[in-house]
Amino acid sequence: MNEQIIARHWLALIAPKAAPALATSTVLILARIWNANGAEHSIGNAVLMTALALAAGAAGTFASIGAAGDSVIAGTAFATSGALAFAGVAGYADGLPLPLLLWVLTTAIAYGLAARYWRTDRRDRLAFERHTGERREQHAHLERVEALRAGAQIESARVGAQYAEQLATALLTRAALPGYDPIALERTGLPKLPQTEESR
């Protein structure tokens, strides 16, 4: 069984690993642009970002403890809450040291959370590949057994046909011999042979 080999581009391989750093870097850059455009020491902007972060955190809490308990919605809400809080602090702060420190911490936390999902995904992928390999081997074994059985049946039928042809040739040859008497053969105890048209 031949399978098509698909080689993935190196960008497709590293994109999931770079996603947390790209996300936190994007938030930091946008927050600093916002800081340069008047967010620094703006009480209204700080109140807005705090309210949005608290609202996103509350939405994540309700999604995680609700009846459905949807982990995807809860994770998205908590990530949004963290991003809003990070953007608010980075946009409100004076210099770069605090935003950079928060960027490092946020990126480390993002990679820590993502590593857990990457591990689970890798475990699931390996289990699927193992299961698929076992099924493929089982099917290949069944195909080999059936091929051997079919080959044995074909060989048996071929040998039987050859034997029948040789027996028919021997019977015709013996019936054509001079002095052939089937009744004399029966008297000696040999089984009765089917009579041909010539011997009747």
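As shown above, the structure is provided for reference.
Residues numbered from 1 in each chain as written. Predicted model: local features only at pLDDT ≥ 70, side-chain atom pairs only at ≥ 80, totals over all residues. Heavy atoms only, no water.

Participant: Which residues make up the overall build of the protein, and what values do they have?
Facilitator: Summing up its helical and strand segments, the protein has five helices and zero strands in all. In sequence order, the secondary structure elements of the protein are arranged as α-α-α-α-α. When burial is assessed residue by residue, the protein has 13% of its 200 residues classed as buried. Here the protein displays about 15,000 Å² of accessible surface, and carbon together with sulfur accounts for 66% of that area. (Helix = DSSP H or I, 4+ residues; strand = E, 2+ residues; numbered from the N terminus. Buried < 20%, exposed > 50% of the residue type's maximum accessible area, 1.4 Å probe, protein only. Areas by Shrake-Rupley, 256 points an atom, 1.4 Å probe, with all protein chains shown as cover.)

Participant: Before we move on, could you go through the pattern of salt bridges and cite the residues and values that matter?
Facilitator: Tallied over the full model, the rule gives three salt bridges. A salt bridge links Asp 121 to Arg 125, with the nearest nitrogen and oxygen atoms 3.9 Å apart. Of this pair, Asp 121 and Arg 125 both sit in helix H4 (residues 97-175), separated by four residues, roughly a single helical turn. Judged by its relative accessible area of 41%, Arg 125 is partly exposed. Between Arg 149 and Glu 146 there is a salt bridge, and its shortest N-O distance comes to 2.7 Å. One end of the pair is Arg 149 and the other is Glu 146, both in helix H4 and three residues apart, which spans about a single turn. For Arg 149, a relative accessible area of 43% gives the class partly exposed. Judged by relative accessible area, Glu 146 falls into the partly exposed class, the value being 43%. (Salt bridge = Lys/Arg side-chain N within 4 Å of Asp/Glu carboxyl O.)

Participant: Hey, could you go over the layout of surface pockets for me, with residue numbers and the actual values?
Facilitator: Size it by volume and the largest pocket reaches roughly 710 Å³. Around the largest pocket, the lining is made up of 22 residues, and of these Gly 75, Phe 78, Ala 79, Ala 110 and Leu 113 lie nearest the centre. Of all the secondary-structure elements, those providing two or more residues to the lining of the largest pocket are helix H1 (10-39), helix H3 (71-92) and H4. The residue makeup of the lining of the largest pocket, split by class, is 15 nonpolar, six polar and one charged. (1 Å grid on protein atoms, 1.4 Å probe; cavity = no way out; pocket = protein on both sides within 12 Å on 5 of 7 lines; lining within 4 Å. Points joined across faces, edges and corners; volume = space filled by probe spheres on them. Nonpolar A, V, L, I, M, F, W, Y, C, P; charged D, E, K, R; others polar.)

Participant: Outline the nonpolar core, supporting the account with residue identities and numerical values.
Facilitator: In this structure, Leu 28, Ala 31, Met 49, Phe 86, Ala 87 and Ala 90 together form the largest nonpolar core, which totals six residues. Looking at this core, the elements with two or more residues in it are H1 and H3. The leading source of residues in this core is H3, at three residues. Apart from residues lying up to four places away in sequence, Ala 31 is in contact with Ala 87, Ala 90 and Gly 91. (Core = buried A, V, L, I, M, F, W, Y, C linked by side-chain atoms within 4.5 Å. Contact = heavy atoms within 4.5 Å.)

Participant: Describe in detail the environment of Ala 51, supporting the description with residues and values.
Facilitator: Its place among the elements puts Ala 51 in helix H2 (residues 43-65). A relative accessible area of 42% means that Ala 51 is categorised as partly exposed. Sequence separation of Ala 51 and Leu 84 is 33 residues, and the distance between their C-alpha atoms is 9.4 Å.

Participant: I'd like a rundown of the packing of aromatic side chains, residues and numbers included.
Facilitator: Across all of its chains, the model carries one aromatic pair by this definition. The interplanar angle of 65° and the centroid separation of 6.1 Å between the aromatic rings of Tyr 111 and Trp 118 together place this pair among those described as edge-to-face. The class for Tyr 111 is partly exposed, based on a relative accessible area of 28%. Judged by relative accessible area, which is 23%, Trp 118 ranks as partly exposed. (Phe/Tyr/Trp six-rings, centres within 6.5 Å; stacked < 30°, edge-to-face > 60°.)

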